[in-house]
Amino acid sequence: MKNDYLYVMALCQKRSFSKAAKSLYISQPALSKAISSLEKELGAVLFDRSTNDLQPTEACLFYLQCAKQIADTENS
């Protein structure tokens, strides 16, 4: 889950799969595959890919909120 959270955060910040992958030191196809797999697991689309700038969906924002709460709980 930790990598998934980092991947989603990087995509939200960079708004691009290639830029996010570069900042994470992984390949763009690996990042795309990880996000697609996470979306299938969650049953929700996390990013609107219809525009040039990648946009997080409401499901993405909810995922980030929940993941942060879990991380905070684990770290306390």
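Details of the structure are given in the entry above.
These lines cover the structure that appears in this document, whether it is placed above or below. (Residues numbered from 1 in each chain as written. Predicted model: local features only at pLDDT ≥ 70, side-chain atom pairs only at ≥ 80, totals over all residues. Heavy atoms only, no water.)

An ideal rise of 1.5 Å per residue puts 18 Å on 13 residues; helix α1 (residues 2-14) measures up with 18 Å between its terminal C-alpha atoms. Every buried residue of α1 is listed here: Y7, V8, A10, L11 and C12. Packed against the buried residues of α1 are α2 (17-24), α3 (28-42), β1 (47-48), β2 (55-56) and α4 (58-75). Once α1 finishes, R15 follows within two positions and takes phi at roughly 60°, a positive value. (Helix = DSSP H or I, 4+ residues; strand = E, 2+ residues; numbered from the N terminus. Expected span 1.5 Å × (residues − 1). Buried < 20%, exposed > 50% of the residue type's maximum accessible area, 1.4 Å probe, protein only. Contact = heavy atoms within 4.5 Å.)

Looking now at unusual backbone geometry. Of note, R15 is a non-glycine position whose phi angle comes to about 60°, a positive value. Mapping R15 onto the fold places it in the loop between α1 and α2. At Y25, a position not held by glycine, the phi torsion is positive, near 60°. On the secondary structure map, Y25 appears in the loop between α2 and α3. The exposed category is assigned to Y25, whose relative accessible area is 76%.

It is worth spelling out the nonpolar core at this point. What tends to happen in soluble globular proteins is that the nonpolar side chains get buried as a cluster. In this structure, V8, L11, L31, I35 and F47 are the most contacted members of the largest nonpolar core, which totals 19 residues. Counting only elements with at least two residues in this core, the list comes to α1, α2, α3 and α4. For this core, the leading source of residues is α1, giving 5 residues. When neighbours within four sequence positions are excluded, L31 is seen to be in contact with Y7, L11, F17, A20, A21, L24 and I26. (Core = buried A, V, L, I, M, F, W, Y, C linked by side-chain atoms within 4.5 Å.)

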